[in-house]
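Summary of the model geometry
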Amino acid sequence: MAKKSIHIVEPKGKLGVLIPGMGAVATTFMAGVEAIRRRLARPIGSLTQMGTIRLGKRPEKRAPAIKDFIPLAGLDDLVFGGWDLFKDNSYEAALKAGVLERTLLDQVKDFLSDIRPMPAVFQQKFVKKLHGENVKKGKTKMDLAEQVADDIQNFRKTSGASRLIMIWCGSTEIYLKPGAVHQSLAAFEKGLRANSPEIAPSMIYAYAALKLGIPFANGAPNLTADIPALLGLALKNGVPVCGKDFKTGQTLLKTIIAPGLKARLIGLQGWFSTNILGNRDGEVLEDPGSFRTKEESKLSVLEYILQPDLYPELYKGFCHKVKINYYPPRGDNKEGWDNLDIFGWLGYPMQIKIDFLCRDSILAAPLVLDLVLFLDLAQRCPVMAHKGIQEWLSFYFKSPMCAPHLYPEHDLFIQLMKLKNTLRHLRGEDLITHLGLEYYD
Ligand SMILES: NC(=O)c1ccc[n+]([C@@H]2O[C@H](COP(=O)([O-])OP(=O)(O)OC[C@H]3O[C@@H](n4cnc5c(N)ncnc54)[C@H](O)[C@@H]3O)[C@@H](O)[C@H]2O)c1
């Protein structure tokens, strides 16, 4: 008997994408969307644009494009706005970021030049390496949150957007542990009024968004919305949230390779990862406070995938090091080296070396697009929106947010299965278990 599909409101009108932090990732994303709309390029790397989904039994050969299977906003419906502490419009910012070639940027110059950042909520203590002048002033942090809320309402009017999404593409803030002020909405709002030093700028944007019922995604490893106060607000207002830290580059490869080693029960003695990176993100991460936030995010993945407690002979006490070196000549074209010391049958040692010449923002931009479209989908689907954290979007993150009593799922392939099964579930299709015994009856 066919299952019932779950109610999803159709995506009518424009979808406004609000971005705190309009640097390399944000401009590569926006320029890319416009280039794709003008048929200058293809949306490579985006599951919503190029992915398919298998449905039913294998002989049925049903594998529609994901965008035909579920009602997603179209690229033509996207409009963009955001904040930055630098005044450059998005064309200038994209040129400075040096990710996309000038010839491509010039073909979308009119579009990018019209996107000018609104003044940022910024406190230098949280990102030590940046000094910008396009910054809001306010007596209290609550004041600043209200200014962000006003910006959002103005953007809604001027852009004509019928729905909004916020996605943090700002710099990585210093490491913060959840404190008393983060434990409840009441404590957090009191903290906003009292200028609590524990409330970071990214939390102020997230608060303003969630308060207005706008879904929030966090592309950086900052604590931001991953605190009981803001998760409580999301649940109270029925708003989807997800994060943290886009899974690109070295960590993407880690979560591809580690599940394979574990699947074959190959042991791991150590995994050494180092990078050279010359963009502003690399410069920000030179500060030990910001690096600590990133390091936590990068280190956690292997522990969770390899499960040393279940496989102590293979994985207990493996050595894991991650280094990021700011090296300006490389710009956004990062190079990441990995050395894996592994062992097989009878304990015989082997090594794997990886040299990944990647482009950070090229890997991140399609993730931003998918997250925007999927979060909007979740918002139009009350059953999903009321769950708050969208764990099915773990696929996109280095430190996936999940319910407090769960451990995060880091294995890329389990994450993809979770995502696609969620889509099947929403449309009333059978979940795919890969059992397949029935083919041999
Ligand atoms: N590119 C990737 O592959 C990747 C992967 C994972 C995470 N990230 C994270 O995504 C974020 C963006 O990366 P990027 O390469 O675009 O960096 P970037 O330095 O080019 O851009 C970040 C922008 O955020 C702005 N900013 C900082 N604090 C702000 C605030 N409070 N309000 C408004 N704007 C603010 C900065 O001025 C800058 O323009 C970083 O936190 C990075 O760690 C990137």
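Basis of the calculations
Residues numbered from 1 in each chain as written. Predicted model: local features only at pLDDT ≥ 70, side-chain atom pairs only at ≥ 80, totals over all residues. Near = placed C-beta within 6 Å. Helix = DSSP H or I, 4+ residues; strand = E, 2+ residues; numbered from the N terminus. Nonpolar A, V, L, I, M, F, W, Y, C, P; charged D, E, K, R; others polar. Domains from an automatic or database assignment. Buried ≥ 20, exposed ≤ 12 C-beta atoms within 10 Å, placed from the backbone. Pairing = 2+ DSSP bridges. Axes fitted to C-alpha atoms, helices over the stretch in contact; angles between N-to-C directions. Contact = placed C-beta atoms within 7 Å. Expected span 1.5 Å × (residues − 1). Core = buried A, V, L, I, M, F, W, Y, C linked by C-beta atoms within 7 Å. Parallel < 35°, antiparallel > 145°, perpendicular 65-115°, else oblique. Left-handed = near helix turned anticlockwise from the far one by under 90°.

So, the site of the ligand
Among the 36 residues in the neighbourhood of the ligand, the closest are listed as Gly-21, Gly-23, Val-25, Ala-220 and Arg-280. Elements supplying a minimum of two residues to the shell around the ligand: α1 (24-37), β2 (78-84), α12 (280-284) and α15 (360-379). With 4 residues, α15 is the largest single contributor of residues to the shell around the ligand. Counted by class, the shell around the ligand contains 20 nonpolar, 11 polar and 5 charged residues. When we break the shell around the ligand down by domain, the ones giving at least three residues each are domain 1 (14-246 + 362-426) and domain 2 (251-357).

Examining the pairing of strand β10 (residues 349-357)
In terms of burial, β10 is a largely surface element, 0 of the 9 residues being buried. Bridge analysis of strand β9 (residues 335-343) against β10 gives 9 bridges, and the strand direction is antiparallel. In the strand pairing of β10, Glu-335 is matched with Leu-357. The hairpin turn running from β9 into β10, its antiparallel successor, is 5 residues long, and Leu-346 in that turn takes a positive phi close to 65 degrees.

Observations concerning the pairing of strand β7 (residues 267-277)
As defined by bridge partners, β7 adjoins β9 across 9 bridges and the pair is classed as antiparallel. What sits directly across from Gly-270, in β9, is Asp-341. Where β7 and strand β8 (residues 319-326) come together, 8 bridges link them in parallel fashion. By the bridge assignment for β8, Leu-277 is matched with Tyr-326.

Digging into the sheet that holds β9
Read from one edge of the open sheet, 4 strands run β8-β7-β9-β10, paired in mixed fashion. Every interior strand has two partners, whereas the edge strands, β8 and β10, have only one. Taken pair by pair, the neighbouring strands of this sheet meet at an average axis angle of 10 degrees, ignoring direction. Packing against the sheet, helix α13 (residues 288-306) makes contact with β7 and β8, and its axis sits at approximately 150 degrees to β8.

Section: the domain arrangement of the protein
Domain parsing of the protein yields domain 1 (14-246 + 362-426) and domain 2 (251-357). One C-alpha centre belongs to domain 1, the other to domain 2; they are set 26 Å apart. On the side of domain 2, 26 residues touch domain 1, which itself brings 26 residues to the contact. Split into classes, the residues belonging to the side of domain 1 that touches domain 2 amount to 12 nonpolar, 7 polar and 7 charged.

Details of the environment of Val-17
Counting through the fold element by element, Val-17 comes out in strand β1 (residues 14-20). We classify Val-17 as buried; it has 28 C-beta atoms within 10 Å. With 236 residues separating them in the primary sequence, Val-17 and Leu-253 have C-alpha atoms 28 Å apart. Those residues in contact with Val-17 that sit more than four places away from it in its chain are Leu-78, Phe-80, Ile-165, Ile-167 and Val-372.

What to know about α1
Counted at 1.5 Å a residue, the expected span for α1 with its 14 residues is 20 Å, and the 20 Å between its end C-alpha atoms agrees. Within α1, 11 of the 14 residues are buried, leaving the element largely enclosed by the surrounding structure. Turning to α1, its buried residues are Ala-24, Val-25, Ala-26, Thr-27, Thr-28, Phe-29, Met-30, Ala-31, Gly-32, Val-33 and Glu-34.

Observations regarding the sheet that holds β2
With parallel pairing, the 6 strands of this open sheet are ordered in space as β3-β2-β1-β4-β5-β6. The sheet is open, and its two edges are formed by β3 (118-119) and β6 (241-242), each paired on a single side. Note: β1 against β2, 6 bridges, orientation parallel. By the bridge assignment for β2, Gly-16 is matched with Val-79. The sheet strands contacting α15 are β1, β4 (161-168), β5 (216-218) and β6, and the helix crosses β4 at an angle near 130 degrees.

A look at the nonpolar core
Among soluble globular proteins, nonpolar side chains are generally buried collectively. Formed by 111 residues in total, the largest nonpolar core has its most connected members in Ile-165, Ile-167, Ile-204, Leu-210, Leu-230, Val-368 and Leu-371. Of the residues that make up this core, three or more belong to each of domain 1 (14-246 + 362-426) and domain 2 (251-357). The residues touching Ile-167, leaving out its near neighbours within four places in the chain, are Val-17, Ile-19, Ala-217, Gly-219, Val-368, Leu-371 and Val-372. One finds Leu-268, Trp-271, Leu-302 and Tyr-315 within the second-largest nonpolar core, a separate group that totals 10 residues.

Considerations on the packing of helix α11 (residues 249-263) against α13
Where α11 meets α13, the axes come as close as 9 Å, and the angle between the chain directions of the two elements is 20 degrees. Relative to α13, the element α11 lies roughly parallel. α11 and α13 meet at a crossing whose hand is right-handed. The residues of α13 that touch α11, namely those facing Thr-251, Lys-254, Thr-255, Ala-258, Pro-259 and Lys-262, are Lys-298, Val-301, Leu-302, Ile-305 and Leu-306.

What about the environment of Lys-129?
Mapping Lys-129 onto the fold places it in the loop between β3 and α7 (141-159). Look at Lys-129 and you get partly exposed, because 16 C-beta atoms sit within 10 Å. The spacing of Lys-129 and Ala-31 is 98 residues in sequence and 26 Å in space, taken between C-alpha atoms. Here Lys-129 is in contact with Glu-283, Val-284, Glu-286 and Asp-287, once residues within four sequence places are set aside.

Digging into the packing of helix α9 (residues 201-211) against helix α10 (residues 228-237)
Two quantities define a packed helix pair, namely the angle between the helix axes and the distance between the axes. Across the interface, α9 lies against α10 with an axial gap of 9 Å and an inter-helix angle of 15 degrees. The orientation of α9 relative to α10 falls into the category roughly parallel. Where α9 crosses over α10, the handedness of that crossing is left-handed. Residues Met-203, Ala-206, Tyr-207, Leu-210 and Lys-211 of α9 touch α10, and the partners they reach there are Leu-230, Leu-233, Ala-234 and Asn-237. Class assignment of the residues belonging to the contact of α9 with α10 gives a composition of 7 nonpolar, 1 polar and 1 charged.

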